Structure formats: C-alpha cells, structure tokens
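A closer look at the structure
This is what each chain is made of:
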Amino acid sequence: MNRHRAAGFTLLELLVVLAILGLLAAIVGPRVIKYLGSSKTQAAIVQARNIASSAELFRLDAKRYPTPQEGLVALVKPPAGVALWNGPYLPEQSALTDPWGAPYRFKVPGDHGEIDVYSLGADNAPGGTGEAKDVGNW
C-alpha cells in the first residue's frame, strides 16, 4: 500500500527557519536602529539651518532678529510692533519643533554666528553624545 505523505513542513524545518530569522534580526536590527537615530540628528541639523535662513529673511524685513520674548514663532505669525513683517517665513509652526518633539531654541547673538538655532537632542539636555548631542545651524 502506497501512503501519500502530507504536504507541508516538519517541526524541525520550521525551527531551522525561525533560528535563521532570529539570527538575521539580531544582526540587522541594531544597524537599522542606529540609522534611524542618526537620521533624526541629520534632520534636526537641516531643520535648524532652515529656521536660521528664515530668521535671516525676518532680519532683512524687520531690520533685526526675533527677540527672545517673540520667540521663533515670529517667523510664522507677525509679532506686535513689527510693521515690515513680510512672512510667514516658515510654512507652519510645526516646523519649529525638532524631530524629538521639543521646540528649537535660538540665541542672538549666537556662540557660533549671528544667530544660533539649535536642538538639545534626544535627551533635551545640554551636551550629550550620539543621538543626545546638541545640534544646530553651525
């Protein structure tokens, strides 16, 4: 009598495939996470430079940079007392938030130029390394 073998995989074959997938995840996973972290840092640098360029446009119109009291919101909404505001210099207020959800900070005069626009990184604290380092338009 000829018995037909049931089509499918044995338990051993499934375990081998799962072991291979587990090894691939262990090798590739940390590299993917590393690139995701560095991409946020790179995005923050580009955004800080964009905000600094917008602040330069504000300065050309208003003859000064936004004050600390006005904040960077002056690039999106006209501040009181600025007659020559020709904005918005940024499309929306969400552009003033870094990739980690914290608002960008600025300093006039800056330590690195006329204006410093910066993010404190993933830890939202001064200093740090890796994804937690401070990044800005410098």
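Notes on the structure follow. (Residues numbered from 1 in each chain as written. Predicted model: local features only at pLDDT ≥ 70, side-chain atom pairs only at ≥ 80, totals over all residues. Heavy atoms only, no water.)

Attention shifts here to the pattern of salt bridges. A side chain with one charge can pair with a side chain of the opposite charge if their charged atoms come near. With the rule as written, the count across this model stands at three salt bridges. In this structure, Glu 56 and Arg 59 form a salt bridge, with 3.1 Å as the shortest nitrogen-oxygen distance. A residue pair is termed a helical-turn pair when its members lie 3 or 4 positions apart in one helix, as Glu 56 and Arg 59 do in helix α1 (residues 11–62) at three residues. Arg 59 gets classed as partly exposed once you look at its relative accessible area, which sits at 28%. Linking Lys 107 and Asp 111 is a salt bridge whose minimum nitrogen-to-oxygen distance equals 2.9 Å. Accessibility expressed as a relative area gives 36% for Lys 107, which makes it partly exposed. (Salt bridge = Lys/Arg side-chain N within 4 Å of Asp/Glu carboxyl O. Helix = DSSP H or I, 4+ residues; strand = E, 2+ residues; numbered from the N terminus. Buried < 20%, exposed > 50% of the residue type's maximum accessible area, 1.4 Å probe, protein only.)

This part covers the side chain of Asn 137. For Asn 137, the position within the fold is in the segment after β3 (135–136). Polar contacts involving the side chain of Asn 137 include one to the main-chain carbonyl oxygen of Ile 115, which spans 3.2 Å. Side-chain polar atoms of Asn 137 contact the backbone nitrogen of Val 117, separated by 2.9 Å. Among residues more than four places away in sequence, those in contact with Asn 137 are Ala 48, Arg 49, Ala 52, Ile 115, Asp 116 and Val 117. (Polar contact = N/O pair within 3.5 Å; in protein donor to acceptor, adjacent residues only side chain to side chain. Contact = heavy atoms within 4.5 Å.)

Another aspect to go through is the pairing of strand β2 (residues 116–119). Pairing of strand β1 (residues 105–107) with β2 involves three bridges; the strand directions are antiparallel. Bridging from a neighbouring strand, Phe 106 pairs with Val 117 of β2. (Pairing = 2+ DSSP bridges.)

For the rest of this paragraph, the subject is the sheet that holds β1. Here three strands make up an open sheet; going across it, the order is β1-β2-β3 and the pairing antiparallel. Looking at strand neighbours, the two that pair on one side only are β1 and β3, the edges of this open sheet. As judged from the two bridges shared by β2 and β3, these two strands associate in the antiparallel manner. Paired with Tyr 118 across the strands is Gly 136, a residue of β3.

Moving on to the packing of aromatic side chains. The geometry of two aromatic rings is summed up by the distance between their centres and the angle between their planes. One pass over the full model with this rule turns up three aromatic pairs. Aromatic pair Phe 58 and Tyr 89: ring centres 5.8 Å apart, planes at 75°, arrangement edge-to-face. Placement of the pair is Phe 58 in helix α1 and Tyr 89 in the loop between α1 and β1, with a sequence separation of 31 residues. Of the two residues, Phe 58 and Tyr 89, neither departs from the other in class, the shared state being buried. Taken together, a centroid distance of 6.1 Å and an interplanar angle of 45° make the contact between Tyr 118 and Trp 138 tilted. One end of the pair, Tyr 118, is in strand β2; the other, Trp 138, is in the segment after β3, with 20 residues separating them in the sequence. The class of Tyr 118 is partly exposed, set by a relative accessible area of 22%. (Phe/Tyr/Trp six-rings, centres within 6.5 Å; stacked < 30°, edge-to-face > 60°.)

What follows covers the nonpolar core. By size, the foremost hydrophobic cluster in this structure holds 23 residues, and its most contacted members are Ile 51, Phe 58, Leu 72, Leu 75, Tyr 104 and Val 117. The dominant element in this core, judged by the number of residues it contributes, is α1, at eight residues. Among residues more than four places away in sequence, those in contact with Ile 51 are Leu 72, Leu 75, Leu 90, Ala 95, Leu 96, Tyr 104 and Val 117. (Core = buried A, V, L, I, M, F, W, Y, C linked by side-chain atoms within 4.5 Å.)

Turning our eyes to something else, we now look at unusual backbone geometry. A negative phi angle is the norm for most residues apart from glycine, just as the trans form is the norm for most peptide bonds. In this structure, Pro 88 follows Gly 87 across a cis peptide bond, with omega equal to 10°. Within the fold, Pro 88 resides in the loop between α1 and β1. A cis geometry characterises the amide bond from Val 108 onward to Pro 109, with omega recorded as -10°. Tracing the chain through its elements places Pro 109 in the loop between β1 and β2. With phi around 70°, Lys 63 is a residue other than glycine that occupies positive phi space. As for its position among the elements, Lys 63 is in the loop between α1 and β1. In this structure Lys 63 comes out as exposed when scored by relative accessible area, which is 65%. We note that Asn 124 has phi near 55°; this positive angle belongs to a residue other than glycine. Mapped onto the elements of the fold, Asn 124 is located in the loop between β2 and β3. Classification of Asn 124 by relative accessible area gives partly exposed; the value is 39%.

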